[in-house]
Every structure is written in structure tokens, then in C-alpha cells.
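# Understanding the architecture of this molecule
This is what each chain is made of:
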Amino acid sequence: MEKKQGKEDFEIVKDPENNKKNYIFQKDGITKKTGLFIVIVLILLITAVVLSGVFFEVQ
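Note that the coordinates shown come from a computational prediction; the quantities given were computed from them, not determined experimentally.

Reading guide: rules and limits
- Residues numbered from 1 in each chain as written.
- Predicted model: local features only at pLDDT ≥ 70, side-chain atom pairs only at ≥ 80, totals over all residues.
- Heavy atoms only, no water.
- Phe/Tyr/Trp six-rings, centres within 6.5 Å; stacked < 30°, edge-to-face > 60°.
- Buried < 20%, exposed > 50% of the residue type's maximum accessible area, 1.4 Å probe, protein only.
- Helix = DSSP H or I, 4+ residues; strand = E, 2+ residues; numbered from the N terminus.
- Expected span 1.5 Å × (residues − 1).
- Patch = residues over 30% accessible without salt bridge, like charges linked within 9 Å, V, L, I, M, F, W, Y side chains within 5 Å.
- Areas by Shrake-Rupley, 256 points an atom, 1.4 Å probe, with all protein chains shown as cover.
- Salt bridge = Lys/Arg side-chain N within 4 Å of Asp/Glu carboxyl O.

The next thing to look at is the packing of aromatic side chains. This structure, assessed with the given rule, holds one aromatic pair. Look at Phe55 and Phe56: their rings are 5.0 Å apart centre to centre, the planes differ by 75°, and that puts the pair in the edge-to-face class. Of the two residues, Phe55 and Phe56, neither departs from the other in class, the shared state being exposed.

Compared with the 39 Å implied by 1.5 Å per residue over 27 residues, the 38 Å span of helix α1 (residues 29–55) between its first and last C-alpha is a close match. The first or second residue beyond α1 is Glu57, which carries a positive phi of 50°.

There is a patch of nonpolar side chains on the surface, built from Phe37, Ile38, Val41, Leu42, Leu45, Ile46, Val50 and Val54 and spanning about 760 Å² of accessible area. By the element assignment, Val54 lies in helix α1. Given the relative accessible area of 58%, Val54 is considered exposed.

In C-alpha cells form, the structure reads like this:
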């Protein structure tokens, strides 16, 4: 016997006024600071890869 599950209704970003429990990100300061940190780290990593390619003269 196969159990059928109802349609999952989740959101990517949860508004603070919304009481839903199905969400991935929350609109608050921690999420914004973490997102900014991840973007900065990715930019630094991409810059490091480009500079190492220039420095070692990859052909």
C-alpha cells in the first residue's frame, strides 16, 4: 500500500509576519550577514584562483 503525501507548499524566504514552517531562509539579520559573508568568501576564492593562474602563468 502506497501512502500519498499532500502537496508540499514551501517558500524560499520566510517573511517575519508569516507563521509558516515550510521555508528555507528567514528574512532576518543573521541570514543577510551570512549571505554577505559567503559572497565575500567566494569573491576572495575566485580572485585567488585568477591570481594564481597569472602568477604561475598557466598555459
